[in-house]
Amino acid sequence: KLLFKLTKTKSMNSSPAQLYVRHAVKASLVEYIDKYMMIILRDGTVYIGELRTFDQFTNVVLENAWCRHYIDTKLYEKYIGTLLIRGDNVVFFAEIDPNKDAAIQRIDEKQYQTLKKNQKNDEKDFSTLFSWNLTQYHD
């Protein structure tokens, strides 16, 4: 008994790349390739860099990556270089506007260590991070 008939559809004539982009990646990162991105991990670590590639598990590669540490309205950055991030650790992706990002006050490692010692609570507070409005929102 024939339960269904296999017919040639438009998607069967598509290249593998087109199928990948059209079907496999519904909420796709394709549009963010080669853009300046912020990625926040489950443990609260923040990385900034250029998104180079990703796979179906949301493993991503950042080039020119920096690890960021926020204290109040100040920012300490440590250069990492090329970074592979396992997708199951990623909580948040955002495209960063380089013009707004350049306006953030940066501090050196010595100032960071001093401020970290003086910080009263150890809780991660991202409200300041998001109040800076660094991300570009897309429709």
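A brief look at the structure comes next. Owing to the predicted nature of the structure, the values given are computational and were not obtained by experimental measurement.

The rules behind each value
Residues numbered from 1 in each chain as written. Predicted model: local features only at pLDDT ≥ 70, side-chain atom pairs only at ≥ 80, totals over all residues. Heavy atoms only, no water. Core = buried A, V, L, I, M, F, W, Y, C linked by side-chain atoms within 4.5 Å. Buried < 20%, exposed > 50% of the residue type's maximum accessible area, 1.4 Å probe, protein only. Helix = DSSP H or I, 4+ residues; strand = E, 2+ residues; numbered from the N terminus. Contact = heavy atoms within 4.5 Å. Polar contact = N/O pair within 3.5 Å; in protein donor to acceptor, adjacent residues only side chain to side chain. Pairing = 2+ DSSP bridges. Axes fitted to C-alpha atoms, helices over the stretch in contact; angles between N-to-C directions. Phe/Tyr/Trp six-rings, centres within 6.5 Å; stacked < 30°, edge-to-face > 60°.

1. Details of the nonpolar core
Moving on, step 1. By size, the foremost hydrophobic cluster in this structure holds 15 residues, and its most contacted members are Ile39, Tyr47, Leu51, Val60, Leu62 and Ile85.
Moving on, step 2. Every element with two or more residues in this core is listed here: β1 (36–41), β2 (46–54), β3 (60–71) and β4 (74–85).
Moving on, step 3. Ranked by residues supplied to this core, first place goes to β3 with 4 residues.
Moving on, step 4. Discounting chain neighbours no more than four positions away, the residues touching Tyr47 are Met37, Met38, Ile39, Leu41, Leu62, Trp66, Cys67, Ile80, Leu83 and Ile85.
Moving on, step 5. One finds Met38, Val46, Ile48 and Ile96 within the second-largest nonpolar core, a separate group that totals 5 residues.

2. With respect to the side chain of Arg68
Moving on, step 1. Among the structural elements, Arg68 can be located in strand β3.
Moving on, step 2. Since its relative accessible area comes to 3%, Arg68 is described here as buried.
Moving on, step 3. Polar contacts involving the side chain of Arg68 include one to the side chain of Glu77, which spans 2.8 Å.

3. A short note on the sheet that holds strand β6 (residues 105–106)
Moving on, step 1. Spatially, β5-β1-β2-β3-β4-β6 is the arrangement adopted by the 6 strands of the open sheet, whose pairing is mixed. Among the strands making up the open sheet, the edge pair consists of β5 (90–95) and β6.
Moving on, step 2. For β2 and β3, the ladder comprises 7 bridges, and the chain directions are antiparallel. Bridging across to β3, Thr53 finds its partner in Val61.
Moving on, step 3. Its contacts with the sheet put helix α3 (residues 109–118) on β3 and β4, and the angle it makes with β3 is roughly 50°.

4. So, the packing of aromatic side chains
Moving on, step 1. For the coordinates displayed, the defined rule picks out 2 aromatic pairs.
Moving on, step 2. Residues Trp66 and Tyr79 carry aromatic rings whose centres are separated by 5.1 Å and whose planes lie at 70° to one another, so their mutual orientation is edge-to-face. With a gap of 13 residues between them, Trp66 in strand β3 and Tyr79 in strand β4 connect regions that are remote in the sequence.
Moving on, step 3. Residue Trp66 is classed as partly exposed on the basis of its relative accessible area of 31%.
Moving on, step 4. Of the residues examined, Tyr79 reaches a relative accessible area of 46% and is grouped as partly exposed.
Moving on, step 5. Judged by centre distance (4.9 Å) and plane angle (20°), the ring pair of Tyr76 and Tyr112 falls under stacked. Note that Tyr76 is positioned in strand β4 and Tyr112 in helix α3, a separation of 36 residues in sequence. A single burial state applies to Tyr76 and to Tyr112, both of which are buried.

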